[in-house]
Amino acid sequence: MPRLRKVVSAVVVLQALWAPQVGWAQQDSSPIETEEPFLDVVDVEIVNIDVWVTRKDGSPLEGLGRDDFVVSRDGEPVEITNFYAVSGGRPVPTATEPSGIDGMTTPDRQPMAKLEVAPEHRLWLIVFIDNFNIDPIERNRVLPDIERFLRRNLSIGDQTMLVTYDRTLEVRQPFTDRMGLLTET
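First, a word on scope: everything that follows refers to the structure included in this document. Computed from a predicted structure; not experimentally measured.

Reading the values: the criteria
Residues numbered from 1 in each chain as written. Predicted model: local features only at pLDDT ≥ 70, side-chain atom pairs only at ≥ 80, totals over all residues. Heavy atoms only, no water. Phe/Tyr/Trp six-rings, centres within 6.5 Å; stacked < 30°, edge-to-face > 60°. Helix = DSSP H or I, 4+ residues; strand = E, 2+ residues; numbered from the N terminus. Buried < 20%, exposed > 50% of the residue type's maximum accessible area, 1.4 Å probe, protein only. Salt bridge = Lys/Arg side-chain N within 4 Å of Asp/Glu carboxyl O.

The next subject is the packing of aromatic side chains. As enumerated under the stated definition, the model contains two aromatic pairs in all. Measuring from ring centre to ring centre gives 5.1 Å for W124 and F175, while their planes differ by 80 degrees; the resulting arrangement is edge-to-face. Placement of W124 in strand 5 (residues 124–130) and of F175 in strand 7 (residues 169–176) is noted, with a sequence separation of 51 residues between them. Using a relative accessible area of 44% as the deciding quantity, one classes W124 as partly exposed. Here F175 falls in the partly exposed class, since its relative accessible area comes to 33%. Here the aromatic rings of F132 and Y165 are separated by 6.2 Å at their centres, their planes lie at 85 degrees, and the arrangement is edge-to-face. Of this pair, F132 sits in the loop between strand 5 and helix 2 (136–153) while Y165 sits in strand 6 (residues 159–165), placing them 33 residues apart in sequence.

Next up, the structure:
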């Protein structure tokens, strides 16, 4: 009798262990309902037109603005929503844009005009100063040259960040297009 009790107990334990697995397998074999995928269609009509305007001798004609061009579609005028002029591979201000941007000047020292530049055309520059490994006298000797370089070479819309290292990395000035914020830091 004790032996029969052990066999019955073993069968009951096996059934208890087997039953949840069978039940789980039966639940898992049912088909899974799939959701319809999300699909949306958006029509965007943006046309980029690159225009090169030259004189009769082939030299570039500069200083043109948005008002100097007419774009039409099927004979009907279309509004020009984005415009910028390029000279030397960089966006330049046009005569129709307002003037004066935080001390930035053209090569002939005239105030730069405000110009919206598309993000993909902007320069993103990080100025990294290693205060830990560089001699302070040498660093101070070079800093005015860095400032002159930035004033001479940054264009409207260019973004510059100032980062220093002195055993830890510190962002002294997050990305900005304002030269004054860089030189104050």
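Now that the structure is up, let's keep going.
Across all of its chains, the model carries three salt bridges by this definition. Close ionic contact of R148 with D145 constitutes a salt bridge, the shortest N to O distance being 2.2 Å. Placement of both R148 and D145 in helix 2 is noted, with a separation of three residues, approximately one turn of the helix. Judged by relative accessible area, which is 44%, R148 ranks as partly exposed. The partner of E147 in a salt bridge is R151, with the nearest N and O atoms 3.4 Å apart. Placement of both E147 and R151 in helix 2 is noted, with a separation of four residues, approximately one turn of the helix. Judged by its relative accessible area of 31%, E147 is partly exposed. Overall, R151 belongs to the partly exposed group, its relative accessible area being 33%.

Attention now goes to unusual backbone geometry. Positive phi outside glycine occurs at D74, with the angle close to 55 degrees. One non-glycine residue, R167, lies in the positive phi region at around 75 degrees. Of note, R167 is situated in the loop between strand 6 and strand 7.

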